[in-house]
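Close look at the chain arrangement
The residues making up each chain are set out below.
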Amino acid sequence: MATKAQNRITPLTIISFALVAIWLIIAAFPFLWTLWGSFKVQSDFFSKADWRNAFYGINTIKETGSAFTGAGYHGAWVQEEFWRNVLNTGIVVFFTVVISLTFGTLGGYALARSGFRYAFWILMAALVFRAMPHITLVSGYMLPFFEWNIWGLLPTTIIVLVAINQPFTLWMLHSFFLNIPKDMDESAMVDGCTRFQAFRHVIIPVMWPGVVTTGLFSFLLAYNDFAVTSMLLSAENETMVPAIASFLGTTQVQGNVMFAVAAVVSATAPLFILILFFQRQIVSGLTAGAVKG
Amino acid sequence: MKHRTFLWFILPTLSAMILFIALPIVSVFIQSLHVGHEQVIVVSESCGPFGCTPTTSIDLEATAKLQDEQPLGKFNGLSTYTNRSHLAFQELAEAWRTTQTFGEFWDQVFNLPFYRALIFTLTYTAVVTPMVIALGLAIAVGVNNLPKFLKGPSIFISLLPFLVTPLVGSLILYWMVDADGVIGATLQNIFDDPSLSLKASTALTWVMLIVYGVWHMLPFSFITFYAGLQTVPEDTMEAAQIDGASKWQSLIHVIVPHLAPLMSFVTLMMLMDNFRVFEPIVSFSAEAHATSLSWIIFNDLRESGNPLYGSAGATSILTVIGVVILLTPVLIRTWRDFNRKAH
Amino acid sequence: MFLRKIAATTAFMGLMGSAAYAAGCGPEGQSIRILASDFPAIHAVVGAAQANCGAAAAEFKPNHTTEARQIMNAALTPNPAEYTSVIVANSTLTQLMNDGLVRPLNDLVEKYGEHIKPNQLITIDGKVMAIAFMANSQHLFARKDVLEEAGVGTIPATYEEVLSAAEKIRAAGIMDYPVTMNMKMGWNIGEMFNMVYLGHGGDLFKPGSAEPNVNNAQGIATLNMLKALTEYANPDILTYASNETQGAWEAGEAALGIMWGSRGSPILDDEGSTKEITSNTVLAAAPAVGGGSIPSATLWWDGITISANVSDEEAEATFAALASALTPELVAAHNDDAVWLLEGFKPGPAAAGVAATARGGAKPYPMIPYIGIMHGALGAELSDFLKGSESAEQALADVEAAYVTAAKEAGFLQ
């Protein structure tokens, strides 16, 4: 509870508030701008004549009759069937998070309870694995995947995303488990449970804050991935981010940038809603674990 | 925990990591020790819609036999690591011999692609990491002191830059920063210089990329420190105030030490991710002014027609080694903590 | 997706009037799998092939992706290959041929090639490796109203004339940066160098070998010309690819542009620009340079190849399906989508530049095995010179050094 003494306004407090205010504007402005601009036409949002056109929508009024237009959204969702990409992303992300957390909780628990030297070295190895650039790994996967005929399938991408994100998941979860007192599962084992039964009956009920937080980071890593999904999926299986990249056109052929803008807004909207609902869990989850390092 | 139980628990995650990361790393390393077999080139003629022109093509049969015997290619040892596109030992030695001043030597080093990328990558990492940590802490403290009803929305807004995929986030900023975009035009107004363009100068491009890096990574640091602030023991804070500490002093002497383990975690992640910076360079079309190690790999694999796997592999291994070197202080600290906890 | 549906529907309607094509679909019940880029014209061709022969095949799976170039070699290596056909361009055909992944088409052309004209055949040493169906090139775009206002009488025919016209436009105060080109570091700047260097009559490699040949008088002249052009272009020019150059053009910020012919159609259409700009945009041949007589451009084609690592029946069915699409009906339905090499193409205003450049005798983009490496080296090493921080000789020496390093790794040099 904040006391009166703590609530005194000092110069430091003012600077602090000002800093927060500036940061909030900087953080939100690009998204608000893009949201606003997604309802305009290209010659307004990307106007070279006057950037204020994006604000008033001069060309939008000229080309479509009103200051706001849903043409970008219609083009992306209906014409280019962006909803397929959304569906693909949903499938990939759901399975990636579930499998990743399953593997990660088992592994993280083991590493937290092990006490032997090799646990440390496995964590170090995981760190080194995370340092490897993804693009090299994915280029190496392509030939074997083509040979075994598993390229372009969603399950392949899911497994690759799970494996590539394991190091980060392991690190986060192992530190959460370090903060669950050893006595809990040890007393269960004294009472006759095997290690796995102790894990299942004692640890699982209390591990949710940490798991939710790690799950969120896994979700973001899978949702926002470009390197893996662009090279391992064919056009019909594409997830959202490579689809957005493909709307931008190439050097020889004009793309449709407003489709990309509308798709970007559509892709970010679910994340907003997710954060809105899970805000408290994220904070409490981080409190429960990574805090103590 | 018994060894066998440990093995069963860790088997799924370990096998995924070994199959998809460890084995490929070994394979990439082996690939980087080889170069392609000698290609036999024959003169030929190609005809098309625009007429016939003399050209050359590869005699595939001649190389096929070599290819079958040694599918990996010709063993080249560590020469790929020391060639001009990587550590460039020969070029460095020659530059050292022939240049008179340190400035000239520096110019020649900067001319080499790997070192140019390394210098930008190190600068980016060295500037973005401390800024993200310091600002993240400052904003976490600031948000923590906000009235309750403002806290929720502030946390929400603060997380936004981290949510968007880097490719798209940097593209959005690129559009805004263009000389005709909202930020670019505003900057021109502020500095009263109609020819000011962030994309035209190398120094400004570096600044733009660094600002983007801080903008994108700040939420991660912010949310971690904010969570940590919730666990600062009340009694210690009150005791410090009773002893007459100002807000600034209690920040430095109570809060920062309490959050020290968190800072190592965030530093670890930041160092690693910043050293592998890549998406902003592509999205901001900044290749003319700034390249990074990951970008060189991207270029080797994508822009050279038939991908240069050996070269890309060597740069990847060098990146991993670079990350390990950067992380050494943090790793030593983690090793000490681990020993303390386990005993 | 939408374009593919339109293409398929149109092709189908054209089909209703001529059932004879259905017979030319080759062996039935085969699997036809095509890898292609995401261009509307290619969608049209593949869509027509699907409409004609999709029913006769066991499966017809096209994959239109922007990542086609990155995955094609790995996709065609296993036996059976992931795709039976790849729609390639000059550079990607070389990429596939370097690994021996495409097969000669001479006998298939004899069997199914009634509509294929002789100039569509891409042959290496007499073996037909691809069937081209459309052409593209960079060439000159000019705003004739701005040129008139500045007192320039004719559309510039050489780069030297481009420079003097730009100077007049700037002196007249009409535009500060009248020139716009695709000079983004990487592939685009490499391509600009290629075009102007070939215009000077230079050869990128020593004849018959893989040794580089750019550090010479023509190379230096090329770099100096590029530098001179950037003086008249927007300071951001080193970040400009086609989206930016087209944007600048449609906003009326440039009067002399070197842009892709395939961007001609979107520029001249009703969206994104004003009547004043589009009605005054003239598409002309790429300028010559340095006293040469040929336009400084590289000509590109897009065409059909068939994988080597698939069964002969699949190869035949795929070729028959794709060849059946290359008809005058397809061209009539999509006349302005590309500069077609097929019968029945009526070049509109958007195709004028490419047609003029080809007529002028411009050279095709070289189909040499190590051109990709040279292009990559050019793209990576020219930025310092264009920013003014190193000399032309040093830049070209860097290009050659970078090329030699990469060529040694690929086995072209020892």
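In this convention, every chain numbers its residues from 1, walking through the sequence in written order. Just so you know, chain letters begin at A and ligand numbers begin at 1, following the order they were written in. Reporting of local features is limited, given that this is a predicted model, to residues whose pLDDT is at least 70; pairs of side-chain atoms are given and counted only at 80 or more, and all residues count toward the totals for whole chains, interfaces and linings. With hydrogens and water set aside, each side-chain value is computed from the structure's full complement of heavy atoms.

**A few points about the overall build of chain B**
Heads up, the condition is: Here a helix means four or more residues in a row that DSSP labels H or I, a strand means two or more in a row labelled E, and each is numbered from the N terminus. Burial classes follow relative accessibility: with a 1.4 Å probe on protein chains only, a residue under 20% of its type's maximum area counts as buried, one over 50% as exposed, and anything between as partly exposed. Working rule for contacts: check all heavy atoms of both residues, and any pair within 4.5 Å makes them a contact. All accessible-area figures derive from a Shrake-Rupley calculation using a 1.4 Å probe, and residue coverage is judged against the displayed protein chains alone. Residues counted as positive are Lys and Arg, residues counted as negative are Asp and Glu, and His and the chain ends are not counted. Charge positions are represented by NZ for Lys, CZ for Arg, CG for Asp and CD for Glu.
The helix and strand inventory of chain B stands at 16 helices and 4 strands. In terms of its C-alpha atoms, chain B occupies a principal-axis envelope of roughly 90 × 70 × 50 Å. Counting all 343 residues of chain B, 57% fall into the buried class. In chain B, 67% of the contacts between residues at least 6 apart in sequence involve partners at least 24 apart. Carbon and sulfur atoms form 65% of the exposed surface of chain B, whose accessible area is close to 14900 Å². Treating the 17 positive side-chain charges of chain B as one cloud and the 24 negative ones as another, the clouds have centres 15 Å apart.

**Notes on the pattern of salt bridges**
Threshold: Note on definitions: salt bridges are taken to be side-chain nitrogens of Lys or Arg within 4 Å of carboxyl oxygens of Asp or Glu.
One pass over the full model with this rule turns up 18 salt bridges over all chains. A salt bridge links D273(B) to R130(A); its shortest N-O distance comes to 3.2 Å. Of this pair, D273(B) sits in helix α13 (residues 260-275) while R130(A) sits in helix α7 (residues 117-131), placing the two residues on different chains. Taking relative accessible area as the criterion, D273(B) reaches 22% and is therefore assigned partly exposed. Judged by relative accessible area, which is 13%, R130(A) ranks as buried. In this structure, the salt-bridge partner of D312(C) is R103(C), at a minimum N-O distance of 2.9 Å.

**Topic: the state of the cysteines**
Rules: The definition used for a disulfide is geometric: two cysteine sulfur atoms within 2.5 Å.
If you walk through the whole model with that rule in mind, you get 2 disulfides over all chains. Two residues, C47(B) and C52(B), share a disulfide whose sulfurs are 2.0 Å apart. Looking along the S-S bond of the C47(B)-C52(B) disulfide, the torsion reads about 110°, which is the right-handed sense. Paired through a disulfide, C25(C) and C53(C) show a sulfur-sulfur distance of 1.9 Å.

**Focus: the domain arrangement of chain C**
Note on interface size: it is often stated as the accessible area lost on association of the parts. All names here are of chain C. Defined as follows: Note that domain bounds follow an automatic or database assignment of domains. Joining two parts hides part of their accessible area as seen by a 1.4 Å probe, and the buried area is that hidden amount summed over both. Under the scheme applied, nonpolar residues are Ala, Val, Leu, Ile, Met, Phe, Trp, Tyr, Cys and Pro; charged residues are Asp, Glu, Lys and Arg; polar residues are all the others, including Gly.
Looking at chain C, the domain boundaries give domain 1 (31-136 + 299-364) and domain 2 (138-298 + 365-410). A separation of 28 Å is found between the C-alpha centroids of domain 1 and domain 2. Residue-level contacts link 25 residues of domain 1 with 25 residues of domain 2. Carbon and sulfur atoms make up 63% of the area that domain 1 and domain 2 hide from each other, which totals about 1900 Å². Summed over the shared surface of domain 1 and domain 2, the result is 0 salt bridges. Class assignment of the residues belonging to the side of domain 1 that touches domain 2 gives a composition of 13 nonpolar, 9 polar and 3 charged.

**Some thoughts on helix α8 (residues 159-171) of chain C**
Since the α-helix packs 3.6 residues into each turn, any two residues three or four apart lie on the same face. Residues and elements named next belong to chain C. Cut-off, in case you're wondering: A helix is expected to span 1.5 Å multiplied by its residue count minus one. Arc definition: it is the arc formed by the directions from the helix axis to the C-beta atoms.
Here α8 contains 13 residues, and its C-alpha end-to-end distance of 18 Å stays within 8% of the 18 Å for a straight helix at 1.5 Å per residue. Listed as buried for α8 are Y159, V162, L163, A165, A166 and I169. End-on view of α8: buried residues confined to an arc of 165°, all on one side of the axis. On its buried face, α8 sits against β6 (138-143), α7 (144-150), β7 (179-181), α9 (187-199), α10 (217-231) and β8 (256-260). Immediately downstream of α8, the backbone of G173 shows phi near 75°, a positive value.

**What to know about the sheet that holds β8(C)**
All names here are of chain C. The following threshold applies: By the convention used here, strands pair only if DSSP detects at least 2 bridges between them. Here an axis means a line fitted to C-alpha atoms, over the contact stretch when the element is a helix, while the angle between two N-to-C directions is reported on a 0 to 180 degree scale.
What the 4 strands build is an open sheet, ordered β7-β8-β6-β9; its pairing is mixed. Across the chains shown, the open sheet's two edge strands, defined by having one partner strand only, are β7 and β9 (281-284). Sheet twist, expressed as the mean angle between neighbouring strand axes with direction ignored, is 25°. The sheet contact formed by β6 and β9 spans 4 bridges and is antiparallel. Residue L140 lies in a different strand from β9, and its bridge partner there is A284. Along the sheet, α8 makes contact with β6, β7 and β8, crossing β8 at roughly 130°.

**What about the environment of A286(C)?**
Residues and elements named next belong to chain C. Position of A286 relative to the elements: it lies in the loop between β9 and β10 (298-306). The exposure class of A286 is buried, given its relative accessible area of 5%. Sequence-wise, A286 and A362 are 76 residues apart; in three dimensions their C-alpha atoms are separated by 8.6 Å. When near neighbours in sequence (up to four residues on either side) are disregarded, A286 contacts Q138, H139, L140, P295, S296, A297 and T357.

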